Amino acid sequence: PLLSGGQRSPSSTMGSYGDVLPMRGRTRRARGVASVLTSMLTRPMESLGACAAISLFVYALVRFGVGAGDVGGASGVGGPGAAVSTFVPAKIDVAKVQRSCASRTEAAGAVLVTGSAGFVGFHTALALKDRGWGVLGLDNVNDYYPTSLKRARMKELEKAGVHTVEADLNDRGVVRDALDACKFTHILHLAAQAGVRHAVKNPGSYVHSNVAGMVNIMEEIIRTSPMPKVVFASSSSVYGLNTEVPFKESDVTDSPASLYAATKKADELLAHTYNHIHGVAITALRFFTVYGPYGRPDMAYFSFANNIVRGKPITIFKGENDAELARDFTYIDDVVQGVIASLETSEASGKKPDGSKPPFRVYNLGNKHPVTVSDFVTTLEKHMGKKAKREYVPMPKTGDVPFTHADVSRAARDLGYSPRTNLDDGLKKFVDWYKEFCKGAACAGIQSYVPA
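## Side note on the packing of helix 4 (residues 119-130) against helix 5 (residues 147-159)
Line of reasoning, step 1. Contact geometry of helix 4 with helix 5 gives a least axis separation of 10 Å together with a crossing angle of 10°. With respect to their mutual orientation, helix 4 and helix 5 come out roughly parallel. For the pair helix 4 and helix 5, the contacting residues are Phe119, Phe122, Ala125 and Leu126 in the first and Arg153, Glu156 and Leu157 in the second.
Line of reasoning, step 2. Looking at side-chain class alone, the contact of helix 4 with helix 5 contains five nonpolar, no polar and two charged residues.

As structure tokens, this is what we get:
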């Protein structure tokens, strides 16, 4: 829930960027965040997108506070009572945490996976554990979509030996405790408030999770020795209203079409700044419409399957001049392969004596073959064994874009990334899982879920 009022506007002449931040409570952490912000704002800006994203970051700091959600403890930069949402501070079970993050071999790393009860986090954590990595999960298990699915993922993780710490990313104490309990070689930061259209209804949750959460974990990472390598989830949404296809990492991302996209653009700028100032080895991964077993029920393919089973119509958006929407649907196993490759190829964090630092890397992880939503539904119908009731409507002005198409040549060159799962095979695997998972009334809540 959003909390109201109580915070003061910072007393500032706006004569210098440092004055934008409130003066009270300037702890060492707050000064660190201030230095990051000052660097971001005083460096030349080459795009309106950068300015917009930094404006969003400033808004997060002043309106909601970094580390929003502290209860009864030290205040964030925004002062007490400035949280976007509240949480009960958590505690870790050190013994469970250390068992979970212990790798099976010296060659394997130890990784903290934030958002481990989420779709991509779940699959990647399982794959890493299977390869001998030490893996610890962290997830706040929020109720944006039914938590029963998140609990089912967590149950599978526990079977595999992956413990999940249930905590908010903005809970500074628990993040610090986890980093101290395990000598992580890598941080895989996937936790975020997802969903493009939901941002219209609850923008504060996106600032809390995607912006303040990013700053909080980065502030803890730079206080960790040795400093872990970082890979984090960006999104194909950052391409926004870009009309050049396929989308390349070198494209200007000036025109976000949603607040969700703006927060992800802000994350990329923040990551670049921490790389520049502190030498953190950081890789941003732009995911393109990931689908598969244990997927997200707010995504179209899962929602379509639910409505087909229940005999309810599915809504298919159409763009200008009745143009078909198209997406670069990417199967989860292919994405996991790219994520792990990005972890394994990252340079070490830290600046060298000569001042050099590891590069800030950005990669598209897509399938290279966009498919219209109508053709996608036809393939889904084939495997569901039932026709959908299609309703075509104009695309609402809530942040969706007409098409996505990934150029993955950079990921292929640097990571060996090569998506191999075609849509027919991928949807068959999803439907096989869906039918098994949803036997009887096992997922009635999930099937009746209507994306916000």
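Back to the write-up after that little detour.
## Remarks on the pattern of salt bridges
Line of reasoning, step 1. For the coordinates displayed, the defined rule picks out 15 salt bridges.
Line of reasoning, step 2. Here Arg286 makes a salt bridge to Glu268, at a shortest N to O gap of 2.8 Å. Here Arg286 is found in strand 6 (residues 282-287), whereas its partner Glu268 is found in helix 9 (residues 259-278), with 18 residues between them in sequence. Exposure class is identical for Arg286 and Glu268. Each is buried.
Line of reasoning, step 3. For Arg296, the salt bridge is made with Asp298, and the minimal N-O distance between the two is 2.6 Å.
Line of reasoning, step 4. The structure contains a network of salt bridges with shared partners spanning Arg176, Asp180 and Glu220.

## Focus: helix 12 (residues 373-384)
Line of reasoning, step 1. Taking 1.5 Å of rise per residue, 12 residues should cover 16 Å, and helix 12 covers 16 Å from first to last C-alpha, within 8% of that figure.
Line of reasoning, step 2. Within helix 12, nine of the 12 residues are buried, which leaves it mostly tucked inside the rest of the structure.
Line of reasoning, step 3. Of the residues making up helix 12, those classed as buried are Val373, Ser374, Phe376, Val377, Thr379, Leu380, Glu381, His383 and Met384.
Line of reasoning, step 4. Where helix 12 is buried, its residues touch helix 10 (300-310), strand 8 (313-318), strand 12 (371-372), strand 13 (389-394) and helix 14 (423-437).
Line of reasoning, step 5. Once helix 12 finishes, Gly385 follows within two positions and takes phi at roughly 70°, a positive value.

## A word on the sheet that holds strand 1 (residues 110-114)
Line of reasoning, step 1. Ordered by their spatial adjacency, seven strands build an open sheet running 3-2-1-4-5-6-11, and the pairing between neighbours is parallel. The open sheet has two edge strands with one neighbour each: strand 3 (163-166) and strand 11 (361-365). Each adjacent strand pair in this sheet contributes to an overall mean axis angle of 20°, direction not counted.
Line of reasoning, step 2. Sitting on the sheet, helix 8 (residues 203-221) touches strand 1, strand 4 (186-189), strand 5 (229-233) and strand 6, and the angle it makes with strand 4 is about 180°.

## Remarks on the nonpolar core
Line of reasoning, step 1. Ranked by internal contacts, the top residues of the largest apolar core, which has 73 residues, are Phe287 and Phe430.
Line of reasoning, step 2. Ranked by size, the runner-up nonpolar core spans 35 residues in total, among them Ile221, Ile222, Phe232 and Leu270.

## Quick look at the confidence of the model for the protein
Line of reasoning, step 1. The pLDDT averaged across the protein works out to 84; a share of 80% of its residues lies at or above 70.
Line of reasoning, step 2. In this model, residues 1-49 is a region of pLDDT below 50 whose contacts with residues beyond four sequence positions or in other chains number 85 contacts.
Line of reasoning, step 3. Across residues 58-85, where pLDDT falls below 50, the model places 75 contacts with residues more than four positions away in sequence or in other chains.

## Side note on the side chain of Asp139
Line of reasoning, step 1. With respect to the element layout, Asp139 can be found in strand 2 (residues 134-139).
Line of reasoning, step 2. Buried and without a salt bridge, Asp139 has Lys150 as its closest oppositely charged side chain, separated by 5.2 Å.
Line of reasoning, step 3. With residues up to four places along the chain from it excluded, the contact list for Asp139 reads Gly115, Ser116, Ala117, Gly118, Thr164, Val165, Glu166 and Ala167.

About the thresholds
- Residues numbered from 1 in each chain as written.
- Predicted model: local features only at pLDDT ≥ 70, side-chain atom pairs only at ≥ 80, totals over all residues.
- Heavy atoms only, no water.
- Axes fitted to C-alpha atoms, helices over the stretch in contact; angles between N-to-C directions.
- Helix = DSSP H or I, 4+ residues; strand = E, 2+ residues; numbered from the N terminus.
- Parallel < 35°, antiparallel > 145°, perpendicular 65-115°, else oblique.
- Contact = heavy atoms within 4.5 Å.
- Nonpolar A, V, L, I, M, F, W, Y, C, P; charged D, E, K, R; others polar.
- Salt bridge = Lys/Arg side-chain N within 4 Å of Asp/Glu carboxyl O.
- Buried < 20%, exposed > 50% of the residue type's maximum accessible area, 1.4 Å probe, protein only.
- Expected span 1.5 Å × (residues − 1).
- Pairing = 2+ DSSP bridges.
- Core = buried A, V, L, I, M, F, W, Y, C linked by side-chain atoms within 4.5 Å.
- pLDDT = per-residue confidence, 0-100.
- Lys, Arg positive; Asp, Glu negative; His and termini not counted.

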